[in-house]
Amino acid sequence: MTLQLLKSKIHRATVTDANVNYEGSLTIDRALMDEVDMREHERVLCGNMANGERFETYVIAGETGSGAIILNGATAHLGESGDLLTIMTFAGVNDSATDGWRPKVIVLGENNATIVRR
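Residues numbered from 1 in each chain as written. Predicted model: local features only at pLDDT ≥ 70, side-chain atom pairs only at ≥ 80, totals over all residues. Heavy atoms only, no water.

**Quick word on the overall build of the chain**
Here is step 1: Within the chain, the secondary structure is distributed over 1 helix and 9 strands.
Here is step 2: When the helices and strands of the chain are placed in sequence order, the string is β-β-β-α-β-β-β-β-β-β.
Here is step 3: Over its C-alpha atoms the chain spans a radius of gyration of 14 Å, differing by no more than 12% from the 13 Å that the globule rule assigns to 118 residues.
Here is step 4: Dimensions of the chain, computed from the C-alpha atoms along their principal axes, are close to 45 × 25 × 25 Å.
Here is step 5: A buried classification covers 43% of the 118 residues belonging to the chain.
Here is step 6: If you take every contact in the chain between residues at least 6 apart in sequence, the share linking residues at least 24 apart comes to 77%.
Here is step 7: Each charge class in the chain was averaged separately, 11 positive and 16 negative side chains, and the resulting centres sit 8 Å apart. (Helix = DSSP H or I, 4+ residues; strand = E, 2+ residues; numbered from the N terminus. Rg over C-alpha atoms; globule rule 2.2 N^0.38 Å. Buried < 20%, exposed > 50% of the residue type's maximum accessible area, 1.4 Å probe, protein only. Contact = heavy atoms within 4.5 Å. Lys, Arg positive; Asp, Glu negative; His and termini not counted. Charge placed at Lys NZ, Arg CZ, Asp CG, Glu CD.)

Spelled out as structure tokens, the structure:
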């Protein structure tokens with residue numbers, strides 16, 4: 001059996017911009033992606049802590065060290081600058097490999113700087 005387990009999570013990411021005229025996706029600072037092993041074009045599930053919206057999209061890499069968290073395309077209607085997001089990816093894991101499974105998790109603070117790594 002294969003189970004869908006949390007692979008990575010960026011918690012309390014502050015939206016820095018929203019661009020409805022872009023072709024869709026979520027731009028994330030490449031350094032933050034690397035910290036939690038998110039891949040470009042990987043599917044993400046996002047929860048907006050400001051308004052309760054949940055949505056799926058895919059990731060595109062932003063400039064390393066920029067702190068960018070940008071809602072693009074239709075997702076730009078689901079939040080605004082200053083909103084806090086939880087951004088998650090999942091992996092299909094064989095049941096026999098689930099013991100000891102640990103997702104990569106970071107919690108962000110001011111300017112989307114990492115304050116906690118788990």
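The rest of the description comes next.
**Considering the sheet that holds strand β3 (residues 25-29)**
Here is step 1: Ordered in space as β2-β6-β3-β5-β4-β7-β1-β8-β9, the 9 strands form an open sheet in which the pairing is mixed. Looking at which strands have only one partner, the edges of the open sheet turn out to be β2 (17-19) and β9 (114-117). Averaged over all neighbouring strand pairs, the angle between strand axes comes to 30 degrees, with direction disregarded.
Here is step 2: In this sheet, strand β7 (residues 84-94) lies alongside strand β1 (residues 2-14) in antiparallel orientation, the contact comprising 11 bridges. Paired with A13 across the strands is L85, a residue of β7. (Pairing = 2+ DSSP bridges. Axes fitted to C-alpha atoms, helices over the stretch in contact; angles between N-to-C directions.)

**Focus on the pattern of salt bridges**
Here is step 1: Counted according to the given criterion, the structure contains 6 salt bridges.
Here is step 2: The shortest N-O distance in the salt bridge between R30 and D34 comes to 4.0 Å. Highlighted residues: R30 and D34, both in helix α1 (residues 30-35), separated by 4 residues, approximately one helical turn.
Here is step 3: R30 sits in the partly exposed class, given a relative accessible area of 26%.
Here is step 4: Note that E40 is salt-bridged to R30, the shortest N-O span being 3.7 Å. (Salt bridge = Lys/Arg side-chain N within 4 Å of Asp/Glu carboxyl O.)

**So, the side chain of K7**
Here is step 1: Residue placement: K7 occurs in strand β1.
Here is step 2: Judged by relative accessible area, K7 falls into the buried class, the value being 16%.
Here is step 3: At a separation of 2.5 Å, a polar atom in the side chain of K7 contacts the main-chain carbonyl oxygen of D37.
Here is step 4: Among the polar contacts made by the side chain of K7, one reaches the side chain of E42 at a distance of 3.0 Å.
Here is step 5: Not counting the four nearest positions on each side in its chain, K7 is found in contact with D37, M38, E42, T89, F90, A91, W101, P103 and K104. (Polar contact = N/O pair within 3.5 Å; in protein donor to acceptor, adjacent residues only side chain to side chain.)

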